[in-house]
Amino acid sequence: MTTIPSTMAGTVFKIEKSVGDTVSIGDVVVILESMKMEIPIESPVAGTVSAISFAEGDFVNEGDTLMEVEGGGA
């Protein structure tokens, strides 16, 4: 299992993938909003989304786990 962390503090603007979705390396999985900028968070691995830790509109801190991806590897 690989965790996808937040790269900065901000608000979860949009969750692009759901639990059970397949992701590839580089797929945008979450978009954060910080200081009126939208920051895409990409998956570093391929696999299947197994957990989502936050909902749209939630505030996250840098390093918080946004999503977990199973399988695939780096």
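Residues numbered from 1 in each chain as written. Predicted model: local features only at pLDDT ≥ 70, side-chain atom pairs only at ≥ 80, totals over all residues. Heavy atoms only, no water.

Draft legend 1. Structural detail: the overall build of the protein chain. When you go through the protein chain residue by residue, the secondary structure sums to zero helices and eight strands. For the protein chain, the α and β elements follow one another from N to C terminus as β-β-β-β-β-β-β-β. Per-residue burial over the protein chain gives 30% buried out of 74 residues. Once local pairs closer than 6 in sequence are excluded, the contacts in the protein chain between residues at least 24 apart make up 58%. Per element, the accessible surface of the protein chain, about 4100 Å² overall, is 51% carbon and sulfur. (Helix = DSSP H or I, 4+ residues; strand = E, 2+ residues; numbered from the N terminus. Buried < 20%, exposed > 50% of the residue type's maximum accessible area, 1.4 Å probe, protein only. Contact = heavy atoms within 4.5 Å. Areas by Shrake-Rupley, 256 points an atom, 1.4 Å probe, with all protein chains shown as cover.)

Draft legend 2. Expanded view of the pairing of strand 4 (residues 28-34). Of all seven residues in strand 4, five are buried, a share of seventy percent or more. Both strand 2 (residues 10-15) and strand 4 contribute to a ladder of four bridges, which runs antiparallel. If you follow threonine 11 over to strand 4, its bridge partner there is glutamate 33. From the end of strand 4 to the start of strand 5 (residues 37-42), which pair antiparallel, there are two residues, and methionine 35 there has a positive phi angle of about 55°. (Pairing = 2+ DSSP bridges.)

Draft legend 3. Structural view of the nonpolar core. Within the largest apolar cluster, 15 residues are counted, with the highest numbers of intra-cluster contacts made by Val30, Leu32, Ile41 and Met67. When contributions to this core are tallied by element, the ones reaching two or more residues are strand 2, strand 4, strand 5 and strand 8 (65-73). Leave out the neighbours within four places in its chain, and isoleucine 41 touches Ile4, Pro5, Thr7, Asp27, Val28, Val29, Val30, Leu32 and Leu66. (Core = buried A, V, L, I, M, F, W, Y, C linked by side-chain atoms within 4.5 Å.)

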